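What follows is each chain in one-letter form.
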Amino acid sequence: MSDQFVIETNDLVKSYGPHIALDSLSLKVKAGATGLLGPNGAGKSTMIKTLLGLIGVTSGEGKVLGFNIRTEGENIRSKIGYLPEYDCLNPGLDAIHQVAYSGELIGMNPTSAMQRAHEVLEYVGLRDQRYRKIETFSTGMVQATKLACSIIHDPELLITDEPSNGLDSRAREFMLKTLQQIVGEGGRSLLMASHLMDDVEKVCDRIVMLHKGRLIAQGRIEDLKSIDQEIEIHVWGHASELERELQNSGYEVRRTGRVMRVVRQDESTYAAIIESAAKSGAQLRRMNDHEPSLEDLFLVIMERLGYSVKSSAELFHFGPSSSKVDAPSELKEVGR
Ligand SMILES: Nc1ncnc2c1ncn2[C@@H]1O[C@H](COP(=O)(O)OP(=O)(O)O)[C@@H](O)[C@H]1O
Ligand SMILES: [Mg+2]
């Protein structure tokens, strides 16, 4: 393994009994902001916990900042910042003491931990609330406090698990902006697990995409999106005929009512669309290159893998069953 990557895994497998949560994952994460994307149950939190050495791996290997995840978990946890998905704060403490305590836990002396606690709480927008007890905080303020705890030692790599979970739109925007700022300042890296593609797209320029414990894509978002360039057309009348005509000519078409997206093969695709429209009696009202979203990319990848998914909403939703607490049992016991 080389040191060029902040995170690297090789054939990593994690099973919970017979259930394979991570299936031979080989990842290479470069410095910068990377989104760990996938629907609920994809294995994102499991991935993070194995990277931190909080849970043992079944087979395979991995390194975080050059440290071995099997044997050097403690080093990893003191070097990186971790914002967990689960509640890890003491509701009876005020924010300043909670944040200073998290600094002491990773070996800072009490004076510098307290000094840094003031700085980071200001950074996450909680300057005026720092002496309030956490039990009086909104979800947004709790997430901001968790973020402050995770950056107290100014880590080179920050790992956040669903950082905007449960936040209203204002708190969410603030969280995403703060994460962007953390990465933007001083070459720090971020691995942000999320089931929300929009969030990832706002903050990250690379992604690792998981589905059912398998790696389905990794790389720069920009490069991944250029796999399939589509032309979007708006049609008036005879849309089904046009769709058939295009398909018969060998074009891939995705249609929603009068709007269709045709996979661009080369420059001649534009002319082929116009010709097919004339043949089928459909009127073209608009034709433009489609700027794909991460959701489009996900659908294309899933289709290629042979899954039939109509919309990513089928997979990327947050139902009541997913409000599980994902703390490893040993952490729950010590109340962190
Ligand atoms: N402690 C556990 N014991 C058994 N199965 C688990 C445990 N934690 C997670 N899983 C299972 O592993 C899979 C991946 O879960 P998780 O890593 O939490 O996914 P994500 O964070 O992407 O939602 C899911 O099928 C989940 O039910
Ligand atoms: Mg999770």
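Everything below is about the structure printed above this text.
The paragraphs below set out a description of the structure included in this document. (Residues numbered from 1 in each chain as written. Chains lettered and ligands numbered in written order. Predicted model: local features only at pLDDT ≥ 70, side-chain atom pairs only at ≥ 80, totals over all residues. Heavy atoms only, no water.)

## Remarks on the overall build of the protein chain
The criterion, for reference: Helix numbering and strand numbering both begin at the N terminus, where a helix is a DSSP run of H or I of at least 4 residues and a strand a DSSP run of E of at least 2. In this scheme, a residue with accessible area under 20% of its type's maximum is buried, one over 50% is exposed, and one in between is partly exposed, where area comes from a 1.4 Å probe on protein chains only. Working rule for contacts: check all heavy atoms of both residues, and any pair within 4.5 Å makes them a contact. In this tally, Asp and Glu contribute negative charge and Lys and Arg positive charge; neither His nor the terminal groups of the chain are included. Where a charge sits is defined by one atom per residue type, namely NZ (Lys), CZ (Arg), CG (Asp) or CD (Glu).
A count of helices and strands for the protein chain gives 12 helices and 15 strands. By the burial criterion, 48% of the 336 residues in the protein chain qualify as buried. Considering only residue pairs separated by 6 or more positions, the protein chain has 68% of its internal contacts joining residues 24 or more positions apart. Computed over 39 positive and 47 negative side-chain charges, the inter-centroid distance for the protein chain is 2 Å.

## A closer look at the packing of helix α9 (residues 239–248) against helix α10 (residues 268–280)
Here is the rule: With axes taken as lines fitted to C-alpha atoms, and helix axes fitted only over the stretch in contact, angles between N-to-C directions fall between 0 and 180 degrees. Every angle not falling under 35 degrees, over 145, or within 65 to 115 is termed oblique; those three ranges are roughly parallel, roughly antiparallel and roughly perpendicular. By the definition used in this description, the sense in which the near helix is turned from the far one sets the handedness, with an anticlockwise turn below a right angle giving left-handed and a clockwise turn giving right-handed. Polar here means any residue other than Ala, Val, Leu, Ile, Met, Phe, Trp, Tyr, Cys and Pro, which are nonpolar, and Asp, Glu, Lys and Arg, which are charged; Gly is therefore polar.
It is the contact of α9 with α10, at a shortest axis distance of 9 Å, that shows an interaxial angle of 130°. The angle between the axes of α9 and α10 places the two elements in the oblique class. Regarding α9 and α10, the two cross each other, and that crossing is right-handed. For the pair formed by α9 and α10, the contact residues are Glu241, Leu242, Glu245 and Leu246 on the first element and Ala272, Ile273, Ser276, Ala277, Lys279 and Ser280 on the second. Residue composition of the contact of α9 with α10, grouped by class: five nonpolar, two polar and three charged.

## Remarks on the sheet that holds strand β13 (residues 253–256)
Worth spelling out the cut-off: Strands pair, by our definition, only if DSSP identifies at least two bridges between them.
With antiparallel pairing, the four strands of this open sheet are ordered in space as β13-β14-β12-β15. The open sheet has two edge strands with one neighbour each: β13 and β15 (283–290). Here the average twist between neighbouring strands, direction ignored, is 20°. When strand β12 (residues 230–236) meets β15, the two strands line up antiparallel, connected through seven bridges. Note that in β15 the partner of Ile233 across the bridge is Met287. Taken strand by strand, α9 contacts β12, β13, β14 (259–263) and β15, and its axis lies near 170° from that of β13.

## Things to note about the nonpolar core
Formally: For our purposes a nonpolar core is just a set of buried Ala, Val, Leu, Ile, Met, Phe, Trp, Tyr and Cys residues, chained together by side-chain atoms within 4.5 Å.
Val64, Ile80, Leu147, Leu179 and Ile207 are the most contacted members of the largest nonpolar core, which totals 79 residues. Among the elements that make up this core, the one with the highest residue count is helix α5 (residues 139–151) (seven residues). Those residues in contact with Ile207 that lie beyond four places of it in its chain are Thr34, Gly35, Leu37, Val200, Ala217, Gln218, Gly219, Ile221, Leu224, Leu294 and Leu297.

## So, the site of ligand 1
We apply this condition: One heavy atom suffices: a residue is near a molecule or strand as soon as one of its heavy atoms comes within 4 Å of it. Any N or O atom pair separated by 3.5 Å or less is treated as a polar contact, with the protein-specific requirement of one donor-capable and one acceptor-capable atom, and with residues adjacent in sequence counted only for side-chain atom pairs.
For ligand 1, the set of nearby residues contains 12 residues, the closest of which are Gly41, Gly43, Lys44, Ser45 and Thr46. In this structure, an oxygen atom belonging to ligand 1 sits 2.7 Å away from a main-chain N or O atom of Gly41. Within the backbone of Gly43, a nitrogen or oxygen atom sits 2.9 Å from an oxygen atom of ligand 1. Those elements that place two or more of their residues in the shell around ligand 1 are β2 (19–25) and α1 (44–51). In terms of residue count, the dominant contributor to the shell around ligand 1 is α1 (three residues).

## Re the sheet that holds strand β10 (residues 206–211)
Pairing between sheet strands relies on hydrogen bonds along the backbone, with the strands arranged either parallel or antiparallel. Reading across the sheet, the six strands line up as β7-β8-β9-β4-β10-β11 and stay open at both edges, with mixed pairing between neighbours. Only two strands of the sheet have a single partner each, and these edge strands are β7 (81–83) and β11 (214–220). Averaged over neighbouring strand pairs, the angle between their axes works out to 15° when direction is ignored. Examined bridge by bridge, strand β8 (residues 157–161) and strand β9 (residues 189–194) share five bridges and lie parallel to one another. Residue Ile159 lies in a different strand from β9, and its bridge partner there is Leu191. Each of β7 and β8 touches α5; the most contacted strand, β7, lies at about 165° to it.

## Focus on the coordination of the magnesium ion (ligand 2)
Where a metal carries four tetrahedral donors, each ideal angle is 109.5 degrees; where it carries six octahedral donors, the ideal angles are 90 or 180 degrees. So the rule is basically this: Donors, by definition, are the N, O and S atoms found within 2.8 Å of a metal, the threshold being 3.2 Å for Na, K and Ca, and water is not counted, so a site can look incomplete.
Looking at the metal site, the magnesium ion (ligand 2) is ligated by Ser45 (OG) and Glu85 (OE), spaced 2.1 to 2.8 Å from it. Here Ser45, found in helix α1, pairs with Glu85, found in the loop between β7 and α3 (95–105); they are 40 residues apart in sequence, far enough to count as distant. Since its relative accessible area comes to 13%, Ser45 is described here as buried.

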